[in-house]
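Next come the chains, spelled out residue by residue.
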Amino acid sequence: MDDLRDLYQEVILDHGKNPRNFGFPEKHNCEADGYNPLCGDQLTLKVQFEDDVVQKLGFEGQGCAISTAAASTMTEWAKGKSRSEIDEMFKLFHEAVTGKRDPDPDELGKLAVFAGVAEYPMRVKCATLAWHTLEAALNGTGEATTE
Ligand code: ZN
């Protein structure tokens, strides 16, 4: 876990400061707003979902470094993925950040570093907000809250 811990710092700093996919894609057909009242993290996600694949996606919003880094890495990962791949990864990611399973970097890639938040229950919602918001966008519910 020590390697993961170092990588955690690195990924949170890097993606928290320079989020990828910040800004909305020109064309989009799904969107959702996410809100984490515990921390005050807010984001809006817009997605172009076609042929069962996320073609493009981007987000805007304000939040702590963890929520921003999570949105950045989530959007980076989700591009080109199918609905079932997204559901499966969200499940693995959620289990890793809540400490229900050991993070497997082979399965999770860079997302494995977020398992570091399992020690800080308040932070779990920061890490999962973007994922809940992606699900809400694809489900057409339009809103996600971590409560
Ligand atoms: Zn937060």
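Scroll up a little and you will see the structure.
Described in the following lines is the structure provided in the data block. Nothing here was measured: the structure is a model prediction, and the numbers come from that model. All residue numbers refer to positions counted from 1 along the written sequence of the respective chain. With the structure being a predicted model, the display of local features is reserved for residues of pLDDT at least 70 and the display and counting of side-chain atom pairs for 80 or more, all residues being used for whole-chain, interface and lining totals. Heavy atoms throughout the structure, all of them, feed into the side-chain values; hydrogens and water do not.

### Notes on the pattern of salt bridges
A side chain with one charge can pair with a side chain of the opposite charge if their charged atoms come near. Put simply, the test is: Salt bridges are defined by distance alone: a side-chain nitrogen of Lys or Arg within 4 Å of a carboxyl oxygen of Asp or Glu. Only DSSP runs of H or I reaching four residues or more are called helices, and only runs of E reaching two or more are called strands; each is numbered from the N terminus. Between buried and exposed lies partly exposed: a residue is buried under 20% and exposed over 50% of the maximum accessible area for its type, with that area taken using a 1.4 Å probe on protein chains only.
Throughout the structure, instances matching the rule amount to eight salt bridges. A salt bridge links Glu-76 to Lys-110, with the shortest nitrogen-to-oxygen separation between them at 3.0 Å. Remark: Lys-110 occurs in the loop between helix 4 (105–108) and helix 5 (121–139) and Glu-76 occurs in helix 2 (residues 65–78); sequence separation between them is 34 residues. By relative accessible area, Glu-76 is classed as partly exposed at 36%. For Lys-110, a relative accessible area of 38% gives the class partly exposed. Across the pair Arg-101 and Glu-95 runs a salt bridge, and its minimum N-O distance is 2.9 Å. When its relative accessible area of 31% is taken as the criterion, Arg-101 is described as partly exposed. Because the salt bridges share partners, they merge into one network encompassing Asp-14, Arg-20, Glu-76 and Lys-110.

### Brief notes about the coordination of the zinc ion
Counted only if it meets this: Keep in mind that water is not among the atoms, so a site may look incomplete; donors are the N, O and S atoms within 2.8 Å of the metal, or 3.2 Å for Na, K and Ca.
Taken together, Cys-39 (SG), Asp-41 (OD), Asp-41 (OD), Cys-64 (SG) and Cys-126 (SG) make up the full set of protein donors to the zinc ion, lying 2.2 to 2.6 Å away. Counting along the primary sequence, the residues that act as donors to the zinc ion give the motif C-x1-D-x22-C-x61-C. Separated by 62 residues along the polypeptide, Cys-64 in the loop between strand 3 (53–62) and helix 2 and Cys-126 in helix 5 bring together distant segments of the chain. Here Cys-64 and Cys-126 have matching classes, each one buried.

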